[in-house]
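Inside the fold
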Amino acid sequence: MFSKAYSATIQGIDGIIVSVEADVSDGLPLFDMVGLLNSEVKEARERVRIALKNSGYMLPAKRITVNLSPADIRKEGTVFDLPVAIAILAAFGHVLEENLINTLIIGELSLNGKVAKVNGVLPLVYSAMERGFKRCIVPKENAGEGAVVSGIKTYGVSSLKEAVTLLNDFKSKEPETIDIKNLFDNSYKEDDLDFSDVAGQFAVKRAIEIAVSGMHNILMIGPPGTGKTMLAKRIPTIMPKLTFEESMEISKIYSVAGLLDRQALITKRPFRSPHHTITSTALIGGGAIPKPGEISLAHLGVLFLDELAEFKKNTIEVLRQPLEEKVVNISRLNASFSYPAGFMLVSSINPCPCGYFPDRNKCNCSLNMVKRYLGKISKPLLDRFDICIETMQIDYKELQAKKKEESSAQIRKRIYGARQIQMERYKGQDIWFNSQLTPRRIKKYCILDEGVEDLLEQAFVKMNLSARAYHRILKVARTIADLDQSKKISKKHISEAICYRSLDAKYWGE
Ligand SMILES: Nc1ncnc2c1ncn2[C@@H]1O[C@H](COP(=O)(O)OP(=O)(O)O)[C@@H](O)[C@H]1O
Ligand SMILES: [Mg+2]
Ligand SMILES: [Zn+2]
């Protein structure tokens, strides 16, 4: 007696189909599981055995062998409990074999036969759909995640018994449905953060607008209480709203991380703000049972590192590679894969331990102390911020002014315009934003107006700029020109872009 069910395992944020074969033969009563298994899957054997018993299935004393294949991929997690139990039941004739074809089964079993929720349901169902599967059976609590994938039916079950009943008659239960439009419509209503909450700070708001337009990383430097954190938190509200495709991409990551809870899709731009005590593994991802880190949870949104100098130096240095490549590569003994990490890095930093440098009325920090403090940010990391901007104390009058500040929706509209231009320009290429321009592409796309070359050359010499800084200025100028709907980069675009580099010398210069 032999039967075969289908399940899937996660690799990165993709699903790989795994077949679960059960063979029942005469011989010494034994329950064996083979295939490349980690300890978790071995434990599955015990859970399955007891769950079968407690669900009322008295199996004859036979030799049972379960094989998970392909053998050469690492199978993580507890998702195989349910398919293993089902395959065994099918081998004993309790489940209609033909119904296992084109059916993906995932779920953890509790000892009492209940089906418990698992991580990664969304990408697993997605990969099954791509492979032409017709339906999937998942834990009830994860059913919403499956239902967002169109082209495949998702059934949520809460017990092994329920799964068996369903597999013997698919008409016994309706597939899960979800109103995706409703999810999106409701996502922004409860949003109470808005740029209009922030009084004044025009220069910073402008810099942020440019940064978001071209997905440039931005660093805010200034004394405590000047609104750095407040501004950063509002950045997702001026980013274009998520498209369905983007939402899917992000939701897969959250599904693998086990962070979807009962929410079936992430419909808002991510904003991740890890505490400065975070480990580098939690930041970039990985671990014994690999999980996406904060940089992947911030994919297509914002990673905010507040008070950057408080982070351990080697923690933030690991950001350099994913910042360039927009993915993070994880290597394992039997697997290597990557997590997406296309985030915008936003950071704040106080200029010194007390926070008030260079205001000598308030700051007593020695120059050495200042240097050591800011020195936490290495030159190569500093170079990855296209835009640096100072936040200034605003005066009481400005704070009390009844003047109506611009709303996030108004700013978002301009950003959308600049994004459209970039989308057109980079159509069919592997880049989307000005911040991704390579030196060769900069030559092609950053066309300067008459006389701008001279201005740039002067700045290059006077500010003693590195080649990297030079390229960053051009990329930012490209974005400023796009916001201005201008094909060529003019003097005012370049001058403004140069300003966003001038703090390097002020705070990090010799
Ligand atoms: N420009 C501003 N408009 C309105 N409130 C502000 C402004 N700047 C600061 N505040 C108020 O001061 C508080 C502290 O600001 P915060 O963003 O935490 O400063 P920082 O991060 O620079 O130390 C904010 O929560 C807000 O209530
Ligand atoms: Mg702060
Ligand atoms: Zn100080």
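Residues numbered from 1 in each chain as written. Chains lettered and ligands numbered in written order. Predicted model: local features only at pLDDT ≥ 70, side-chain atom pairs only at ≥ 80, totals over all residues. Heavy atoms only, no water.

1. Concerning the domain arrangement of the protein chain
One can read the domain layout of the protein chain as domain 1 (2-172), domain 2 (187-405) and domain 3 (437-510). One C-alpha centre belongs to domain 1, the other to domain 2, and the line joining them spans 40 Å. At the boundary of domain 1 with domain 2, total buried surface from both sides reaches about 1800 Å², with 65% on carbon and sulfur atoms. Inspection of the region where domain 1 meets domain 2 yields zero salt bridges. At the junction of domain 1 with domain 2, the criterion picks out four residue pairs in polar contact (both at pLDDT 80 or more). For the side of domain 1 that touches domain 2, the elements supplying multiple residues, two or more each, are β1 (2-11), α3 (121-130) and α4 (143-147). Examining the composition of the side of domain 1 that touches domain 2, we find that four residues originate from one element, α3, more than from any other. Of the residues assigned to the side of domain 1 that touches domain 2, the class counts are nine nonpolar, five polar and seven charged. (Domains from an automatic or database assignment. Buried area = accessible area lost by both parts, 1.4 Å probe. Salt bridge = Lys/Arg side-chain N within 4 Å of Asp/Glu carboxyl O. Polar contact = N/O pair within 3.5 Å; in protein donor to acceptor, adjacent residues only side chain to side chain. Helix = DSSP H or I, 4+ residues; strand = E, 2+ residues; numbered from the N terminus. Nonpolar A, V, L, I, M, F, W, Y, C, P; charged D, E, K, R; others polar.)

2. Things to note about the layout of surface pockets
In this structure, the largest pocket occupies an estimated 710 Å³ of space. Forming the boundary of the largest pocket are 25 residues, of which Glu246, Leu300, Arg419, Trp432 and Phe433 lie nearest the centre. Among the secondary structure elements, those contributing two or more residues to the lining of the largest pocket are α9 (244-256) and α17 (408-425). In terms of residue count, α17 provides more of the lining of the largest pocket than any other element does, five residues in total. Looking at the lining of the largest pocket residue by residue, the classes come out as 11 nonpolar, seven polar and seven charged. (1 Å grid on protein atoms, 1.4 Å probe; cavity = no way out; pocket = protein on both sides within 12 Å on 5 of 7 lines; lining within 4 Å. Points joined across faces, edges and corners; volume = space filled by probe spheres on them.)

3. Structural notes on the coordination of the zinc ion (ligand 3)
In the first shell of the zinc ion (ligand 3), the protein supplies Cys352 (SG), Cys354 (SG), Cys363 (SG) and Cys365 (SG), at 2.2 to 2.4 Å from the metal. Coordination at the zinc ion (ligand 3) comes from four donor atoms whose angles at the metal span 105 to 114 degrees, giving a geometry best classed as tetrahedral. Between the donor residues of the zinc ion (ligand 3), the gaps in sequence give the motif C-x1-C-x8-C-x1-C. Cys365 matches Cys363 in its accessibility class, with the two residues each being buried. (Donors = N, O, S within 2.8 Å, 3.2 Å for Na, K, Ca; no water. Tetrahedral: all angles 85-135°; square planar, octahedral: opposite > 155°, others 65-115°. Buried < 20%, exposed > 50% of the residue type's maximum accessible area, 1.4 Å probe, protein only.)

4. Some remarks on the nonpolar core
Core analysis: the biggest nonpolar cluster contains 114 residues, and Val66, Leu82, Val84, Ile86, Ile88 and Leu160 have the highest contact counts within it. Looking at which element gives the most residues to this core, the answer is helix α2 (residues 81-91), with nine residues. Contact partners of Leu160, with chain neighbours within four places excluded, come to Ala51, Leu52, Ser55, Tyr57, Leu82, Ala85, Ile86, Leu89, Leu109, Gly113 and Val115. (Core = buried A, V, L, I, M, F, W, Y, C linked by side-chain atoms within 4.5 Å. Contact = heavy atoms within 4.5 Å.)

5. Focus on the UniProt feature "domain: Mg chelatase-related protein C-terminal" (unreviewed entry) in the protein chain
Look at the UniProt record and you will see "domain: Mg chelatase-related protein C-terminal" (unreviewed entry) annotated at residues 406-501. As annotated, residues 406-501 comprises 65% helix and 0% strand, and the C-alpha atoms at either end are separated by 26 Å. (UniProt positions renumbered as here; feature names shortened; annotations may be inferred.)

6. Overview of the packing of helix α20 (residues 467-483) against helix α21 (residues 491-499)
At a closest axis distance of 8 Å, the pairing of α20 and α21 adopts a crossing angle of 130 degrees. Accordingly, the angle class assigned to the pair α20 and α21 is oblique. Seen along the crossing, α20 lies across α21 with a hand that is right-handed. Seen from α20, the contacting residues are Ile473, Leu474, Val476, Ala477, Ile480 and Ala481; seen from α21, they are His493, Ile494, Glu496, Ala497 and Ile498. (Axes fitted to C-alpha atoms, helices over the stretch in contact; angles between N-to-C directions. Parallel < 35°, antiparallel > 145°, perpendicular 65-115°, else oblique. Left-handed = near helix turned anticlockwise from the far one by under 90°.)

7. A few points about the pattern of salt bridges
Under the criterion given, the structure shown has 26 salt bridges. In this structure, the salt-bridge partner of Arg206 is Glu496, at a minimum N-O distance of 2.8 Å. Linking Arg206 in helix α7 (residues 202-214) with Glu496 in helix α21, this pair joins segments that are 290 residues apart in sequence. The salt bridge partner of Glu390 is Lys506, with a shortest N-O separation of 2.7 Å. One end of the pair, Glu390, is in strand β18 (residues 387-390); the other, Lys506, is in helix α22 (residues 503-508), with 116 residues separating them in the sequence.

8. Points about the sheet that holds β18
Judged by pairing direction, the sheet is parallel, and its five strands sit side by side in the order β11-β14-β17-β10-β18 without closing on themselves. Unpaired on one side and paired on the other, β11 (271-272) and β18 mark the two borders of the sheet. Along the sheet, α7 contacts β10 (218-221), β17 (344-349) and β18; its crossing angle with β18, the most-contacted strand, is approximately 165 degrees. (Pairing = 2+ DSSP bridges.)

9. Focus: the packing of aromatic side chains
Applying the stated rule across the entire model yields seven aromatic pairs. Measuring from ring centre to ring centre gives 5.6 Å for Tyr6 and Phe133, while their planes differ by 75 degrees; the resulting arrangement is edge-to-face. Of this pair, Tyr6 sits in strand β1 while Phe133 is found in the loop between α3 and β8 (135-139), placing the two residues 127 residues apart along the sequence. Its relative accessible area of 22% is what places Tyr6 among the partly exposed residues. Phe133 gets classed as buried once you look at its relative accessible area, which sits at 9%. Judged by centre distance (5.4 Å) and plane angle (80 degrees), the ring pair of Phe460 and Tyr470 falls under edge-to-face. Of the two residues, Phe460 sits in helix α19 (residues 452-462) while Tyr470 sits in helix α20, which places them 10 residues apart along the sequence. Residue Tyr470 is classed as partly exposed on the basis of its relative accessible area of 25%. Here the guanidinium or amino end of Lys161 rests over the ring plane of Tyr57, the centre of that ring lying 4.8 Å away. Residue placement shows Lys252 over the ring face of Tyr126; its charged tip is 3.8 Å from the ring centre. (Phe/Tyr/Trp six-rings, centres within 6.5 Å; stacked < 30°, edge-to-face > 60°. Lys NZ or Arg CZ within 6 Å of the ring centre and 35° of its normal.)

10. Examining the side chain of Gln422
Considering the arrangement of structural elements, one finds Gln422 in helix α17. A residue is classified by how much of its surface remains accessible, and Gln422, at 0% relative accessible area, is buried. Filtering out sequence-adjacent residues up to four positions away, Gln422 remains in contact with Ser213, Gly214, Trp432, Phe433, Asn434 and Asp482.

11. Quick word on the site of ligand 1
Residues in close proximity to ligand 1 total 14 residues, the closest being Ala199, Gly225, Lys228, Thr229 and Met230. Note that an oxygen atom of ligand 1 is positioned 3.0 Å from one of the backbone N or O atoms of Gly227. Between ligand 1 and Thr229 there is a distance of 2.8 Å, counted from an oxygen atom to a side-chain nitrogen or oxygen. Protein chains shield 66% of the accessible area of ligand 1, which is 560 Å² for the free molecule. (Near = heavy atom within 4 Å. Areas by Shrake-Rupley, 256 points an atom, 1.4 Å probe, with all protein chains shown as cover.)

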